[in-house]
Amino acid sequence: MYTKEVVINDLTPPSAPVIETKADYGYPLITSTGIILQDGLIDITCTEEDDNIETYYSFDNTNWNIYNEQIRCIETGTIYAKNVKKSNGLESTIVSKNIRVPGDAVPWACCTPNGGHVSANYGATKNFYMNVDNSAIGKNFSIIYGTKWRNVWDNYVQVMFYNSEGTMIYDSGCFFGDDIYGRATTRIFSILENTTRISIRIFGRYSDTWAKLYRVYLNN
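The text that follows walks through the structure, step by step, so that each part is easy to find. (Residues numbered from 1 in each chain as written. Predicted model: local features only at pLDDT ≥ 70, side-chain atom pairs only at ≥ 80, totals over all residues. Heavy atoms only, no water.)

## Concerning the packing of aromatic side chains
Under the criterion given, the structure shown has 9 aromatic pairs. Arranged with centres 6.2 Å apart and planes meeting at 45°, the rings of Phe141 and Phe161 form a pair that is tilted. Separated by 20 residues along the polypeptide, Phe141 in strand S12 (residues 140-147) and Phe161 in strand S13 (residues 155-162) bring together distant segments of the chain. For the pair Phe141 and Phe161, a shared accessibility class is recorded, and that class is buried. One aromatic cluster is present, built from ring pairs that chain together Phe141, Tyr145, Phe161, Tyr170, Phe175 and Phe189. Its guanidinium or amino end placed over the ring of Trp64, Lys82 lies 4.2 Å from that ring's centre, counting from NZ or CZ. (Phe/Tyr/Trp six-rings, centres within 6.5 Å; stacked < 30°, edge-to-face > 60°. Helix = DSSP H or I, 4+ residues; strand = E, 2+ residues; numbered from the N terminus. Buried < 20%, exposed > 50% of the residue type's maximum accessible area, 1.4 Å probe, protein only. Lys NZ or Arg CZ within 6 Å of the ring centre and 35° of its normal.)

## Quick word on the state of the cysteines
All told, the structure shown has 0 disulfides when counted by the stated rule. Summary of cysteine pairing: Cys110 is not part of a disulfide, and the nearest cysteine sulfur, belonging to Cys111, is at 6.6 Å. Looking at Cys111, the relative accessible area reads 10%, which means it is buried. (Disulfide = S-S within 2.5 Å.)

Structural data, given as structure tokens:
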């Protein structure tokens, strides 16, 4: 008499993971200590409670890393994820999600000491937004900007504050600075009570003139 060993192969692939990202990805946040970038906070959920499964992620669908904790990403692109059975390497369907910095976010380069700039001309109006943490209420922040020609109707900059309901609670009106010889102007604003979002608008009317935003920073 003998016993026959029956081997059951596990041929069922795991379920695909779920990718979740923050809705307000990419908008700089003014806090009491400075300006931080609200990174793309990415969570990947395995969807299966199984110690035999590992979750992987990739930004190019070629090079894969084990997912252990929330991912912080500041680049526009695509993230991929899959579940893999450790025992036999069976993989789930690969899922992906586009990670995109909003086009109306104040560029991160403008929030760093080295600076950067965005400009408007050819009759373009551009609005850029930042979020405000409650800890920053009452603090002062500065913008460095420039407009070519001192004519507010040709080129201008404008700053507006909004509350959590989207209602404008402050409007600086249009202002300008003389940037014709590469000079820049600094203007200081105090963050009002109930402000949750700040809009910086730049307008340049002609092809050979402009309005530029160089930098935004919290005053000490």
